[in-house]
Amino acid sequence: MAQGECTIPPKPDLEQTFKLDGYLRNYETEIKRRYDCFYDLVQKIEKNEGSIEKFTRGYEIFGIHRQQDNAIHAMEWAPGAAGVYLRGDFNNWQFEEKYAFKKGDFGRWTLTIPANDDGSCPIKHNSKLKLGMKLHNGNIVDRICPWAKMVGRPATVPIFEQIFWDPPMEEVYKFKHPHPQLGAGLKIYESHVGIASWEGKVASYKQFTQNVIPRIADLGYNAIQLMAIMEHAYYASFGYQVTSFYAASSRYGTPEELKELVDTAHQYGIVVLLDVVHSHASKNTVDGLNQFDGTNSCYFHDGGRGTHDLWDSRLFNYTEWEVLRFLLSNLRWWIEEYHFDGFRFDGVTSMLYHSHGMGHGFSGHYDEYFGLNTDTDSLVYLMISNYMLHTLYSKFIITVAEEVSGMPLLCRPLIEGGAGFDYRLAMAIPDVWIKTLKHSSDEEWNLDNIVHTLVNRRYAEKCIAYAESHDQALVGDKTIAFWLMDKEMYTHMSLISGDNIIIDRGIALHKMIRLITIGLGGEAYLNFIGNEFGHPEWLDFPRIGNNESFHYARRQFHLADDKLLRYQFLNNFDRAMIHLETKYNWLLHHQNYVSLKNQGDMVVVFERADMLVFIFNFHPSKSYTDYKIGVQVPGTYEVVLDSDAEEFGGHKRIDHSVKFLTFPEPWCNRDNHIFVYIPCRTAIVLAKTA
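Along each chain, residue indices are assigned from 1 in the same order as the chain's sequence is written. Confidence filtering applies because this is a predicted model: local features only for residues at pLDDT of at least 70, side-chain atom pairs given and counted only at 80 or more, and all residues used for totals across whole chains, interfaces and linings. Values shown for side chains rest on all heavy atoms present in the structure; no hydrogens or waters enter the calculation.

(A) Representation of the pattern of salt bridges within the structure. The salt bridge definition used is simple: a Lys or Arg side-chain nitrogen within 4 Å of an Asp or Glu carboxyl oxygen. The final tally for this structure, using the stated rule, is 46 salt bridges. Salt-bridge contacts for Arg-424 lead to Glu-461; the nearest nitrogen and oxygen are separated by 3.1 Å. Placement of Arg-424 in strand 19 (residues 423-425) and of Glu-461 in the loop between helix 10 (447-455) and strand 20 (463-465) is noted, with a sequence separation of 37 residues between them. By the burial criterion, Arg-424 is buried, and Glu-461 matches it. Of the charged contacts in the structure, one is a salt bridge between Asp-442 and Arg-681, with a shortest N-O distance of 2.4 Å. Within this pair, whereas Asp-442 is found in the loop between helix 9 (428-439) and helix 10, its partner Arg-681 is found in the loop between strand 28 (672-678) and strand 29 (682-688), the two being separated by 239 residues in sequence. Considered together, Asp-442 and Arg-681 belong to a single accessibility category, that of buried residues. Through salt bridges that share partners, Asp-21, Glu-403, Arg-424, Arg-458 and Glu-461 make up one connected network. Only DSSP runs of H or I with at least four residues qualify as helices, and only runs of E with at least two residues qualify as strands; both kinds are numbered from the N terminus onward. Here the term buried applies to any residue with accessible area under 20% of the maximum for its type, exposed to any over 50%, and partly exposed to those in between, with areas from a 1.4 Å probe on protein chains only.

In structure tokens:
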């Protein structure tokens, strides 16, 4: 599938960098030093491994594989082990010398098991396996192969074991559809397979494929971000305590069913991004990477640098050759094996700084980004990851950084001294919405602060805007819908329950918050599964603290489909909003112009994509007749989206047949103006039609 061949990158050209941001010239030496570290690593890989393309195919030689002659070949990297054994169903779980690995160079251990006398493979498909790691004190401890394609947990034992996944060719899923080529702005539907059902259980890849992907396509999203796919022993970790990096979580189904999910999304023209966790790993030993070879290092730093105190997890040693091979190959594995289209890198802030960003309120001063706190080893790993991905898969790859500090150049090309990401998450936006809803009454909303947060991003570094993600849905926080409506959602979301001012306010503001976020907040947009229709309550996975309940670990899509419930109105609005962006592609237009922030009137007006005018009246009670709006481009404008429309649960106060003609007199620093009627708690979008 690889499209290009990685070669030695050129030396950086920082003139474009300094044109975009002249303040960076003061840090030219540090920017070049970081690039030189990246450049030197690429050269070492090319010299020692032949190419990065070969280096990143570690999954072809490491792990346990059936050969063409049906023999088994296994290779593991365990530099601190005294011995390595393979045991499982195939030998009644015995530690036998004939299944002991031979020690080789560089901490590698190998084992070959010949085919059976009848030519069949000695390890059958779906067999259960474990590695026995012999310690220097003579003890043998169980471990799982780090390269395992599938692991599973027995019903009666809370520990995972490897499942040898080697289905016959007729059962291997055959991909039918190519990677989509997006021609519109990136609109991401952040999803978790396990909660994608109204039933109190872990949903499956099959259910997501059949029931959720068509919904996503109907809403108009062109990307799915899948969370918690890399296997994790603890379901309630939301997938962020990964134990098996190459294994697609078996709690949702088989690897072939995940392939079908991705391929079906491609059939709809939807790209699929994997939430990849290379920032840290679970501390589990028996079914994780921790102390894999019996030592405290191996894949991780030893000592304090190898432990994340807040997350209670282990931190990778990105300078270790085989760790680099393991992680870079992991990225390629998910593309080559499952046809993912890109990655959302989790915990990038934690990777970038020795402090992991903990207790650090970044002020934006450049010394904070180019000083000794920056972890060069981690940054270089991210740079080489983006270099490999964007070279080999340039036609479709998308990389996203979950990064809160605002590190300059993170989303600029490597040749400009950047880290090479395509997008970063605009993580300050949901924070400002939650703080506004939590601490301010409607009349006290600080529109200047809200708008500033929405537009405050680095020029020419693309951001993904979102009003809320999974973080705001988790127990301990509240979704925007719950902040707005709370307990009233239990009693007054039915059309037959009568009008309710809390619900009316909540539905109106829910729509406005999402529209101004996608309209002004970035070059891409993200929504968390179910939040588009104001999913009630929070998200809480089964755990001891809630008596292992699935009640809050499910998405009740039937609420949006019920014509007697008001959830349909939010769902309808989200669909119209997303399809409107697809029609006008305003996310692809980086420039916007905020012409009005009137705190007294609580009105915000801005233009985007040259032909769209967004108008918001956040006032809880005041409507305005013949409100003067500045517009730059003269012509005739019409309403193309109205949050007060009946199908969106509004009051039908706007006449859509009205055409707005511009007057050639300046207003609000625009060359022309129009007069509009804007009811309270209403947003409208006007488009130039003539």
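(B) Representation of helix 15 (residues 567-584) within the structure. For a helix, the expected span equals 1.5 Å multiplied by the number of residues minus one. A rise of 1.5 Å per residue sets the reference length of helix 15, with its 18 residues, at 26 Å; its end C-alpha atoms lie 26 Å apart and thus fit the reference within 8%. Two residues or fewer past helix 15, Asn-585 is found with a positive phi of approximately 55 degrees.

(C) Here's a closer look at the nonpolar core. Core analysis: the largest hydrophobic core is formed by 193 residues, its most contacted members being Phe-208, Tyr-299 and Trp-334. Contact partners of Trp-334, with chain neighbours within four places excluded, come to Ile-229, Met-230, Phe-245, Tyr-246, Ala-247, Ala-248, Leu-258, Leu-274, His-339, Phe-340 and Phe-343. Membership of the second largest hydrophobic core comes to 18 residues, among which are Leu-596, Val-613, Tyr-624 and Ile-674. Take the buried Ala, Val, Leu, Ile, Met, Phe, Trp, Tyr and Cys residues and link them wherever side-chain atoms come within 4.5 Å; each set so joined is a nonpolar core. Any pair of residues with heavy atoms lying within 4.5 Å of one another is described as a contacting pair.

(D) Here's a closer look at the state of the cysteines. Note that a disulfide, as used here, is simply two cysteine sulfur atoms within 2.5 Å. For the coordinates displayed, the defined rule picks out zero disulfides. The cysteine Cys-145 is free of any disulfide, with Cys-298 supplying the nearest cysteine sulfur at 12 Å. Using a relative accessible area of 1% as the deciding quantity, one classes Cys-145 as buried.

(E) Representation of the pairing of strand 2 (residues 72-77) in the model. Most of strand 2 sits out of view: five of its six residues are buried. Pairing between strands is defined by DSSP: at least two bridges between the two strands are required. In the sheet, strand 1 (residues 63-66) pairs with strand 2 via four bridges, with the strands oriented antiparallel. Counted as the bridge partner of Gly-63 is Met-75 from strand 2. The turn linking strand 1 back onto strand 2 is made up of five residues, and Asn-70 within it adopts a positive phi angle of 75 degrees. Pairing between strand 2 and strand 5 (residues 108-113): six bridges, direction antiparallel. Along strand 5, the bridge assignment pairs Ala-74 with Leu-111.

(F) Just helix 4 (residues 205-219), in detail. With 15 residues, helix 4 should reach 21 Å at 1.5 Å per residue; the first-to-last C-alpha distance of 20 Å fits that figure. To obtain the bend at a residue, axes are fitted to the seven residues ending there and to the seven starting there, and the angle between these axes is taken. At Val-212, helix 4 shows its largest bend, some 35 degrees, and a proline, Pro-214, comes one to four positions later. Burial in helix 4 covers these residues: Tyr-205, Gln-207, Phe-208, Thr-209, Val-212, Ile-213, Arg-215, Ile-216 and Leu-219. Contact partners of the buried residues in helix 4: strand 10 (186-192), strand 11 (223-227), strand 13 (242-248), helix 5 (255-267), helix 14 (558-561) and helix 15.

(G) View of the sheet that holds strand 5. Pairing is antiparallel in the open sheet, where four strands are placed in the order 1-2-5-4. Every interior strand has two partners, whereas the edge strands, strand 1 and strand 4 (102-103), have only one. Strand direction decides the pairing type here: strand 4 and strand 5, joined by two bridges, are antiparallel. Bridge pairing links Lys-103 to Trp-109 in strand 5.

(H) The environment of Ile-140, seen in detail. The residue Ile-140 is located in strand 7 (residues 140-143) in this model. Taking C-alpha positions, Ile-140 is 44 Å from Trp-538, a pair spaced 398 residues apart along the chain. Non-local contacts of Ile-140, meaning those with residues more than four positions away in its chain, are made with Tyr-85, Phe-95, Gly-132, Met-133 and Lys-134.

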